[in-house]
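Summary of structural features
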Amino acid sequence: MIDSASVFRQFTSADAVAPQVRRALARCWVEVTNAGGAAGFPFPPIGDAEATPAVDGIVDGLAPATSRLLRATRRGELVGWLHVRRDPWSLISHWGTLHHVQTRPSVRGRGHGAALMNEARRLARDDMGLEQLRLAARAGVGLEGFYGQLGWKEIGRWPGALRLAPGDDRDEILMVLDPL
């Protein structure tokens, strides 16, 4: 059953992100990572001690022109989030990168991830004035298929770039969404 009635909010400054929002983001990151998700922590299990400083680092660096956090909620509960960044250097400031794309394991398969990605596309294009988005995804977990259905194209791979364990090296898949 598709149940994607997500409500989105973007954050552009650290003072706009309340402590309870930071805690919810960290808790989501713990859940995603410990369920095997590829959202930035390669070696589960993790706990709040690892996720909280990482969330704080992202939130503390928010800035309207270069760094935004997009949160999706349903009925007041966090269902997913991601981070959009752009480099201010004029040579490459027309494109941005998505980082830490994640949806809570308990809500997967209900359209929240696709809705989050579509809202990220709109935010990047309409609010940040970007022309393309990039992301890197871990091979071996089906992410290229998910992103491909949303219009993303694989543009390359770094073979064996990610070492999850001895003997478990994975490619990093480079993807682009262009035009927005």
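The text that follows walks through the structure, step by step, so that each part is easy to find. As the structure is a computational prediction, the values presented were derived from the model and not from experiment.

Concerning the pairing of strand β5 (residues 132-138)
Of all 7 residues that make up β5, 5 are buried, and the element is covered over most of its length. Here 3 bridges tie strand β4 (residues 95-103) to β5, and the two strands are oriented parallel to one another. What sits directly across from Gly96, in β5, is Leu133. The handedness of the β4 to β5 crossover, carried by helix α3 (residues 112-127), is right-handed. Examined bridge by bridge, β5 and strand β7 (residues 168-177) share 6 bridges and lie antiparallel to one another. Across the sheet, the residue bridging to Ala136 is Leu174, located in β7.

Some points on the environment of Val7
Structurally, Val7 can be placed in strand β1 (residues 7-11). Val7 sits 68 residues away from Arg75 along the chain, and the two C-alpha atoms are 8.3 Å apart. Sequence-distant contacts of Val7, that is, excluding residues within four places in its chain, are made with Arg71, Ala72 and Thr73.

Here's the deal with the packing of helix α1 (residues 19-34) against helix α2 (residues 48-60)
When two helices pack together, their arrangement is given by the angle between their axes and by how far apart the axes lie. Running from N to C, α1 and α2 cross one another at 125°; their axes reach a closest spacing of 8 Å. Accordingly, the angle class assigned to the pair α1 and α2 is oblique. Helix-helix and strand crossings are classified by hand; for α1 and α2 the assignment is right-handed. Taking contact as the criterion, the partners of Arg22, Leu25, Ala26, Arg27, Trp29 and Val30 in α1 are, on α2, Asp48, Ala51, Thr52, Ala54, Val55, Asp56, Ile58, Val59 and Asp60. When the residues that make up the contact of α1 with α2 are grouped by side-chain class, the tally is 9 nonpolar, 1 polar and 5 charged.

Description of the pattern of salt bridges
By the definition in use, this model includes 13 salt bridges. Arg22 serves as the salt-bridge partner of Asp56, at 2.9 Å between the closest nitrogen and oxygen. In this pair, Asp56 is assigned in helix α2 and Arg22 in helix α1, connecting sequence segments 34 residues apart.

What about the layout of surface pockets?
One number sums up the size of the largest pocket: a volume of about 930 Å³. Lining the largest pocket are 41 residues, with Ala38, Ala39, Val101, Leu143 and Tyr147 positioned closest to its centre. Those elements that provide at least two residues to the lining of the largest pocket are β4, α3, β5, α4 (143-149), β6 (153-165) and β7. Residues belonging to the lining of the largest pocket are distributed by class as follows: 22 nonpolar, 13 polar and 6 charged.

Rules used throughout
- Residues numbered from 1 in each chain as written.
- Predicted model: local features only at pLDDT ≥ 70, side-chain atom pairs only at ≥ 80, totals over all residues.
- Heavy atoms only, no water.
- Buried < 20%, exposed > 50% of the residue type's maximum accessible area, 1.4 Å probe, protein only.
- Helix = DSSP H or I, 4+ residues; strand = E, 2+ residues; numbered from the N terminus.
- Pairing = 2+ DSSP bridges.
- Right-handed = clockwise from strand over helix to strand, strands pointing away.
- Contact = heavy atoms within 4.5 Å.
- Axes fitted to C-alpha atoms, helices over the stretch in contact; angles between N-to-C directions.
- Parallel < 35°, antiparallel > 145°, perpendicular 65-115°, else oblique.
- Left-handed = near helix turned anticlockwise from the far one by under 90°.
- Nonpolar A, V, L, I, M, F, W, Y, C, P; charged D, E, K, R; others polar.
- Salt bridge = Lys/Arg side-chain N within 4 Å of Asp/Glu carboxyl O.
- 1 Å grid on protein atoms, 1.4 Å probe; cavity = no way out; pocket = protein on both sides within 12 Å on 5 of 7 lines; lining within 4 Å.
- Points joined across faces, edges and corners; volume = space filled by probe spheres on them.

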